[in-house]
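# Structural overview
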Amino acid sequence: MLNYLWSFMIIFSIIMAVFGGSMNALTTEMITSSTTAVKICFETCGILAMWMGIMYIAERSGLIDALARRMSPILNFLFPDVPANHPARKYIATNMIANFLGLGWAATPPGLLAMVELQKLNKNKQKATHAMCMFLIINISSIQLISINMVAYRKSYGSLNPTEIVAPSILATLVSTMVAITFAKLMYRKED
């Protein structure tokens, strides 16, 4: 579906540029945008490598396991159906920690592994469990302490204060996550 949407937008833009007499401007903008995209990728690679390294060190040193144990009360509240020593809890904790730090790319692998482990607990393989739905809704709303992607993008575009978005993003993601958790808990009670 997205392929059709993008194809339509590209073809429509080219047609409008041809009939509007601005084909040179379109070509110039396409080249400039492509160059900017590659530049941003290289600039964010350093930040990505640093945070992925920190997450790797945290996992190898046992910090992730320690944080997962400390998160037990939260995990018990959010995922009451997941047993205390189940591997899904470690993956959920790792995913939540990475999202909290604004590392969506680092949160994806443990998030997928968490879903695999949660599916193993699922008695009805055709229907998502409450734990799976809660995990998905938390990932969609995702509390972020530091929005590293946005800070990196703002820095690469020359922002004088790229971190000024930290406080508003914390507030926005806190509110969205609280609403999401409340909704999921209400739906959980409604079905029981």
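In this report, we go over the structure that sits alongside the text. Predicted, not measured: the structure shown is a model, and the values here were computed from it. (Residues numbered from 1 in each chain as written. Predicted model: local features only at pLDDT ≥ 70, side-chain atom pairs only at ≥ 80, totals over all residues. Heavy atoms only, no water.)

### What to know about the overall build of the chain
Stated precisely, the cut-off is as follows: Labels follow the DSSP assignment, with helices taken as runs of H or I lasting at least four residues and strands as runs of E lasting at least two, numbered in each case from the N terminus. Each radius of gyration is computed over the set of C-alpha atoms, and the globule rule expresses the reference value as 2.2 Å times the number of residues to the power 0.38. Relative accessibility under 20% of the residue-type maximum defines a buried residue, over 50% an exposed one, and the middle range a partly exposed one, all with a 1.4 Å probe and only protein chains included. In what follows, residue pairs with any heavy atoms lying within 4.5 Å of each other are defined as contacts. Note that accessible areas follow from Shrake-Rupley with a 1.4 Å probe, and for residues the cover is restricted to the protein chains shown.
For the chain, the helix and strand inventory stands at nine helices and zero strands. Taken from the N to the C terminus, the helices and strands of the chain come in the order α-α-α-α-α-α-α-α-α. For 192 residues, the compact-globule estimate of 2.2 N^0.38 gives 16 Å, and the C-alpha radius of gyration of the chain, at 21 Å, exceeds that figure by more than 25%. Once the C-alpha set of the chain is aligned to its principal axes, its extents read approximately 65 × 40 × 30 Å. Within the chain, buried positions represent 31% of all 192 residues. Taking all contacts inside the chain whose residues are at least 6 apart in sequence as the whole, residues at least 24 apart take part in 64%. Approximately 12800 Å² of the chain is accessible, and the part contributed by carbon and sulfur atoms is 70%.

### Looking at the packing of aromatic side chains
What counts here: Note on aromatic contacts: the rings of Phe and Tyr and the six-membered ring of Trp form a pair at centre separations within 6.5 Å, being stacked when their planes are under 30 degrees apart, edge-to-face when over 60 apart, and tilted otherwise.
One pass over the structure, following the stated rule, counts two aromatic pairs. Seen from their ring centres, Phe8 and Phe12 are 5.7 Å apart, and the 20° between their planes marks the pair as stacked. On the criterion of helical spacing, the pair formed by Phe8 and Phe12 is a turn pair, its members being four residues apart in helix α1 (residues 2-20).

### As for the side chain of Glu117
Positionally, Glu117 belongs in helix α6 (residues 104-121). Other than its neighbours up to four places away in sequence, Glu117 contacts His86, Pro87, Ala88 and Tyr91.

### Looking at the pattern of salt bridges
Test applied: The salt bridge criterion pairs a side-chain nitrogen of Lys or Arg with a carboxyl oxygen of Asp or Glu, the two atoms within 4 Å.
Tallied over the full model, the rule gives three salt bridges. Asp65 is the salt-bridge partner of Lys90, the closest N and O atoms lying 3.6 Å from each other. Pair noted here: Lys90 is in helix α5 (residues 87-100) and Asp65 is in helix α3 (residues 63-70), with a separation of 25 residues, a long-range link. For Lys90, a relative accessible area of 31% corresponds to the partly exposed category.

### Looking at the side chain of Asn99
Mapped onto the fold, Asn99 is located in helix α5. When near neighbours in sequence (up to four residues on either side) are disregarded, Asn99 contacts Gly104, Ala107, Asn139, Ser142, Ile143 and Gln144.

### Some thoughts on the environment of Ser147
Within the secondary structure, Ser147 sits in the loop between α7 (130-141) and α8 (148-156). Residue Ser147 is classed as buried on the basis of its relative accessible area, which comes to 9%. Taking the C-alpha atoms as reference points, Ser147 and Asn85, 62 residues apart in sequence, are found 31 Å from one another.

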